[in-house]
Amino acid sequence: QVQLVESGGGLVQAGGSLRLSCAASGRTFSSYAMGWFRQAPGKAREFVARISWSGGITYYADSVTGRFTISRDNAKNTVFLQMNSLKSEDTAVYYCAADRLRFVVARRIRPEDFGSWGQGTQVTVSS
């Protein structure tokens, strides 16, 4: 099982940028697709972005397409979320997660598709 630790959250003004990182432990990190989710107070956890195990295939929620970019560095066991043009509605706790299955390229974006989760990092966008 992969263990995950997020970092990089914080307070930023609307229109600004943040880069989240998720460090993974375990030798099999490079065989798992990774995802980012977020959860705002009183709302359900929602999908943000997903990247395949090789990094060659990405998926995004409509609300972040064109503003957020997911990437990974398998040599460093790390996945990133670059967030630009931030809006107040992006305020949430952001979680990274590893797919339950290895070597999957399908568009699996439900929280139950992911088996390992980090503790989350708070992102607050002030308007």
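Refer to the structure presented above.
Let us look at the structure shown here. Quick caveat: nothing in here was measured; it's all calculated off a predicted structure.

## Brief notes about the overall build of the protein chain
What the protein chain contains, in helices and strands, is 0 helices and 11 strands. Reading the secondary structure of the protein chain in the N-to-C direction produces β-β-β-β-β-β-β-β-β-β-β. What you see for the protein chain is a C-alpha radius of gyration of 13 Å, in line with the 14 Å of a compact globule of 127 residues. Once the C-alpha set of the protein chain is aligned to its principal axes, its extents read approximately 40 × 25 × 25 Å. A buried classification covers 45% of the 127 residues belonging to the protein chain. Contacts in the protein chain between residues at least 24 apart in sequence constitute 59% of all its contacts with a sequence separation of at least 6. Total accessible area on the protein chain is roughly 6,300 Å²; 49% of this is exposed by carbon and sulfur atoms.

## Examining the packing of aromatic side chains
Applying the stated rule across the entire model yields 6 aromatic pairs. Here the aromatic rings of Phe 37 and Trp 117 are separated by 5.0 Å at their centres, their planes lie at 55 degrees, and the arrangement is tilted. Separated by 80 residues along the polypeptide, Phe 37 in strand β4 (residues 32-39) and Trp 117 in strand β10 (residues 114-117) bring together distant segments of the chain. Ring centres 5.0 Å apart and planes at 90 degrees place the aromatic pair Trp 53 and Phe 103 in the edge-to-face group.

## Details of the side chain of Arg 38
Tracing the backbone through its elements, the reader meets Arg 38 in strand β4. Engagement of the side chain of Arg 38 in a polar contact is seen with the side chain of Ser 63, the distance being 3.5 Å. Of the polar contacts made by the side chain of Arg 38, one reaches the side chain of Asp 90; its length is 2.9 Å.

Parameters and conventions
Positions within a chain are numbered from 1, following the residues in the order the chain's sequence is written. In keeping with the model being predicted, local features are shown solely for residues with a pLDDT of at least 70 and side-chain atom pairs are shown and tallied solely at 80 or more, while totals for entire chains, interfaces and linings include all residues. Heavy atoms from the whole structure form the basis of all side-chain values; hydrogens and water molecules are not counted. By the criteria applied, helices consist of DSSP H or I runs no shorter than four residues and strands consist of E runs no shorter than two, each listed in order from the N terminus. Only the C-alpha atoms count toward the radius of gyration. The rule for a globule is 2.2 Å times the residue count to the power 0.38. Only protein chains enter the accessibility calculation, which uses a 1.4 Å probe. A residue is then buried if its area is under 20% of the maximum for its type, exposed if over 50%, and partly exposed in between. Any two residues whose heavy atoms approach within 4.5 Å at even a single point are treated as in contact. Shrake-Rupley sampling with a 1.4 Å probe provides the accessible areas, and residues are treated as covered by the protein chains on show and by no other component. In this analysis, rings of Phe, Tyr and Trp, with Trp reduced to its six-membered ring, are considered paired at centre separations within 6.5 Å, and the interplanar angle assigns stacked below 30 degrees, edge-to-face beyond 60, and tilted for intermediate values. Whenever a nitrogen or oxygen atom comes within 3.5 Å of another N or O atom, the pair is scored as a polar contact, on the condition that within protein one atom can donate a hydrogen and the other can accept it, and that pairs from neighbouring residues in sequence are kept only if both atoms are in side chains.

That is the geometry; function is a separate question.
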